[in-house]
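# Residue-level structural notes
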Amino acid sequence: MLVGLQGAVGVIAAVVFVVRGLAGADRHIVNGYGNALWFGLFGAALVAAGWALWTGRRWGRGLAIYAQMLLLPVSWYIGVGSGQWLYAIPVAVLSAVILALLFSRST
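Here we summarise the structure given alongside this text. (Residues numbered from 1 in each chain as written. Predicted model: local features only at pLDDT ≥ 70, side-chain atom pairs only at ≥ 80, totals over all residues. Heavy atoms only, no water.)

### Some words on the packing of helix α3 (residues 59-81) against helix α4 (residues 85-103)
So the rule is basically this: To get an axis, a line is fitted to the C-alpha atoms, and for a helix only the part in contact is used. The angle between two axes follows their N-to-C directions and goes from 0 to 180 degrees. Numbered from the N terminus, helices here are DSSP runs of H or I no shorter than four residues, and strands are runs of E no shorter than two. Angles are sorted into four bins: roughly parallel if under 35 degrees, roughly antiparallel if over 145, roughly perpendicular if 65 to 115, and oblique for all others. Left-handed describes a crossing whose near helix is turned anticlockwise from the far helix through less than a right angle; right-handed describes the clockwise counterpart. Contact definition: two residues touch when any of their heavy atoms are within 4.5 Å. Gly counts as polar in this scheme, as do all residues outside two lists: the nonpolar Ala, Val, Leu, Ile, Met, Phe, Trp, Tyr, Cys and Pro, and the charged Asp, Glu, Lys and Arg.
Running from N to C, α3 and α4 cross one another at 155°; their axes reach a closest spacing of 8 Å. With respect to α4, the element α3 is oriented roughly antiparallel. Judged by the sense of rotation from one axis to the other, the crossing of α3 with α4 is left-handed. In this structure, α3 uses Arg-61, Ala-64, Ile-65, Gln-68, Met-69, Leu-71, Leu-72, Ser-75, Ile-78, Gly-79 and Val-80 to contact α4, whose residues at the interface are Trp-85, Tyr-87, Ala-88, Val-91, Ala-92, Ser-95, Ala-96, Ile-98, Leu-99, Leu-102 and Phe-103. By residue class, the composition of the contact of α3 with α4 is 17 nonpolar, four polar and one charged.

### Describing α4
Here is the rule: Given a helix with a known number of residues, its expected span is that number minus one, times 1.5 Å. Burial classification: accessible surface area is computed with a 1.4 Å probe over protein chains only, and a residue below 20% of its type maximum counts as buried, one above 50% as exposed, and the rest as partly exposed. In this description, the arc belongs to the directions extending from the helix axis to the C-beta atoms.
Between its first and last C-alpha atoms α4 spans 27 Å; for 19 residues at 1.5 Å apiece the expected length is 27 Å, and the two agree. All buried positions along α4 are accounted for by Ala-88, Ser-95, Ile-98, Leu-99 and Leu-102. The buried residues of α4 all sit within an arc of 110° when viewed along its axis, so they share a single face. If you follow the buried residues of α4, they end up packed against α1 (2-22), α2 (32-54) and α3.

### Description of the nonpolar core
Stated formally: Each nonpolar core is a collection of buried residues, namely Ala, Val, Leu, Ile, Met, Phe, Trp, Tyr and Cys, held together in the definition by side-chain atoms within 4.5 Å.
By size, the foremost hydrophobic cluster in this structure holds eleven residues: Val-3, Phe-42, Leu-46, Ala-49, Ala-64, Ile-65, Ala-67, Leu-71, Ile-98, Leu-99 and Leu-102. Broken down by secondary-structure element, the contributors of at least two residues to this core are α2, α3 and α4. In terms of residue count, the dominant contributor to this core is α3 (four residues). Excluding its chain neighbours within four sequence positions, the residues that come into contact with Leu-102 are Leu-53, Arg-61, Ala-64, Ile-65, Gln-68 and Thr-107.

### Let's talk about the packing of α1 against α2
A pair of packed helices is characterised by two quantities: the angle between their axes and the separation of those axes. Two elements in contact, α1 and α2, have axes separated by 7 Å at closest approach and are oriented at 160°. In terms of orientation, α1 and α2 fall into the roughly antiparallel class. When you trace α1 past α2, the crossing you get is left-handed. For the contact of α1 with α2, the per-class residue count stands at 16 nonpolar, ten polar and no charged.

### So, the environment of Ala-14
Residue placement: Ala-14 occurs in helix α1. Classification of Ala-14 by relative accessible area gives buried; the value is 9%. Residues contacting Ala-14, with those up to four places away along its chain left out, are Ala-36, Phe-39 and Gly-40.

This is the structure:
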């Protein structure tokens, strides 16, 4: 469920970036459409992985592990590079917990 929830948040972020882009948000800092494409694809893959894990298909585990391994360095960048520790710490903790659960035989 946690992987699917991460994917849902990614899809919601993609929708927010598209809406901001259509509303005329400043593109000098962030390209909203490019971010929407990335978050949409990444989020959809995580939703699919969460569904696969929920229904007992093994291929979802590989996608979920890959996503968590990408999110850990992203959280490091958010904290160290941008100074946004309020966002970085929950992302890192959640990714580490999900990784531990994905590598656990009982789950």
